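Single-letter residue listing:
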Amino acid sequence: MRLDFTVAERDDRLAEIEREKVLRDPGFGKTFTDHMVKAVWTLGEGWHDAEVTAYGPLLIDPATAVLHYAQEIFEGMKAYRHEDGSVWTFRPEANAARFNRSARRLALPELPEHDFIESLKALVSTDVEWVPEPGPSGEKSLYLRPFMYASEVFLGVRPSAEVTYCVIASPAAAYFPGGVKPVSLWISTDFARAGAGGTGAAKCGGNYASSLAGQMEGAEHGCDQAVFLDSSTQTYIEELGGMNLFLVYRDGRIVTPELTGSILEGVTRSSILELAKEMGLEPEERKIPIQEWKDAATSGELAEVFACGTAAVITPVGELKWEDGSVDHRQVGHEDTVALGLRQRLLDIQYGRTSDTRGWLTRLA
């Protein structure tokens, strides 16, 4: 049975003048819309009590299972306002499928794709005035964060008999308000983001928590992010703490680490693999030794490197550092033509500035 999201609009919405002030300079993840989605799953009853309600604190008992056993997952996506005022999102079916893959791995109940997408529509249509115009940068949006957590009050190592699903939303500025800037990466060899048989392919908080120590180590060496290697041999590239990686070779190949079970399958990643063919590139998914990256960057065989994810879309990589060396891609003649071209293609589709020939867009309001 499909969920029916009832709407209980709050009387104390943020005043229009205050909301417009936020939308002029929203930052990222700082301010949230007036409402949120909630639904509950209980063992034996399934999903029920689906609603759009006032945004506010969750009442969490100290013994709530998620606080002790980290049984939770989330997604990240955006709502884009088009020129005609309509609001759309990008490939929500892919997010819904990944949400359910994550749920299976964390022993949480699956949420049907229809209910996942309807929850987005219910929230965005209620808070549609919070979706910013693209703005001068052409990249403002409303960030959507669906998440699910074990909400049973119980201390015991087993799947929770009660689970709560929520969606919250936050207006977001362009990731690079002053224009796209290349990032520097630190090769983390002391820390691993995930391991074989673990939760690396699931979008759960633990994977992000485990990446923070490596990111802090990178910051200590003057880098923006850390790139993690396979935990078994420290030989092969996996991903950043929250972004997938691509290497572009001068012979037309565009290569990304294959999905091994410890890498998150990004929606942006899979979209790039399709769009790259339109640019005459040859996509490859395979294991990439970190030594190959170092050697190809130094020799000039490598044309460019970039990272990708929902928030930044595509981010060029300017420098790679490790314990006893580094390579500055700019000094060895690397360019960002492919990265910036793919980035613009994605943005043009998302904001309705070009035809959506693949049916990747879903209207929310």
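A few points on the structure. (Residues numbered from 1 in each chain as written. Predicted model: local features only at pLDDT ≥ 70, side-chain atom pairs only at ≥ 80, totals over all residues. Heavy atoms only, no water.)

### Let's talk about the overall build of the protein chain
Threshold: Counting from the N terminus, the helices are the DSSP runs of H or I reaching at least four residues and the strands are the DSSP runs of E reaching at least two. For the radius of gyration, the atoms used are the C-alpha atoms, and the globule rule reads 2.2 Å times the number of residues raised to 0.38. Throughout, exposure labels follow a simple rule: accessible area from a 1.4 Å probe, protein chains only, divided by the maximum for the residue type, with under 20% read as buried, over 50% as exposed, and the rest as partly exposed. Two residues form a contact once any of their heavy atoms are found within 4.5 Å. To measure how exposed things are, a 1.4 Å probe is used in the Shrake-Rupley method; for residues, cover is taken only from the protein chains shown. In this tally, Lys and Arg are treated as positive and Asp and Glu as negative; His is ignored, and so are the chain termini. Where a charge lies is defined by one atom per residue type: Lys uses NZ, Arg uses CZ, Asp uses CG and Glu uses CD.
In terms of regular secondary structure, the protein chain is built from 8 helices and 18 strands. Since a compact globule built from 365 residues should have a radius of gyration of about 21 Å, the 21 Å found for the protein chain is in line with a globular shape. The principal-axis extent of the C-alpha atoms belonging to the protein chain is close to 60 × 50 × 35 Å. For the protein chain, buried positions account for 54% of its 365 residues. Considering only contacts within the protein chain whose residues lie at least 6 apart along the sequence, 73% involve residues at least 24 apart. Carbon and sulfur atoms provide 51% of the accessible area of the protein chain, an area that totals close to 15,800 Å². One finds the centroid of the 36 positive side-chain charges in the protein chain at a distance of 2 Å from the centroid of its 55 negative side-chain charges.

### A short note on the side chain of D336
With respect to the helices and strands, D336 occurs in the loop between β17 (325-328) and α8 (337-350). A residue is classified by how much of its surface remains accessible, and D336, at 15% relative accessible area, is buried.

### Observations concerning the nonpolar core
If you look at soluble globular proteins, the nonpolar side chains tend to sit buried side by side. Applied cut-off: Put simply, a nonpolar core is a bunch of buried Ala, Val, Leu, Ile, Met, Phe, Trp, Tyr and Cys residues held in one set by side-chain atoms that sit within 4.5 Å of each other.
Ranked by internal contacts, the top residues of the largest apolar core, which has 38 residues, are W47, I73, F116, L142, L144, M148 and Y165. Taken together, the elements giving at least two residues each to this core come down to α1 (16-24), β2 (35-42), β3 (46-54), β5 (77-81), α3 (92-105), α4 (113-126), β7 (141-150) and β8 (162-172). Ranked by size, the runner-up nonpolar core spans 26 residues in total, among them L247, A296, V305 and W322.

### As for empty space enclosed by the protein
For the record, the criterion: Throughout, the protein atoms alone are placed on a 1 Å grid, and a set of points is a cavity if a 1.4 Å probe fits but cannot get out or a pocket if it is open with protein on both sides within 12 Å along at least five of seven lines; lining residues have an atom within 4 Å of a point. Grid points are joined across faces, edges and corners, and a volume is the space filled by probe spheres set on the points. When residues are sorted by character, Ala, Val, Leu, Ile, Met, Phe, Trp, Tyr, Cys and Pro go into the nonpolar class, Asp, Glu, Lys and Arg into the charged class, and all the rest, Gly among them, into the polar class.
A full pass over the atoms with the stated rule returns 1 cavity of 30 Å³ or more. When its volume is computed, the largest cavity comes out at roughly 120 Å³. Contributing to the lining of the largest cavity are G76, M77, K78, Y80, F90, N95, V267, T268, G309, T310, V313 and Q350. Listing elements by their share of the lining of the largest cavity, those giving two or more residues are β5 and α6 (267-278). Per-element accounting of the lining of the largest cavity gives the leading share, 3 residues, to β5. Across the lining of the largest cavity, the residue classes tally to 5 nonpolar, 6 polar and 1 charged.

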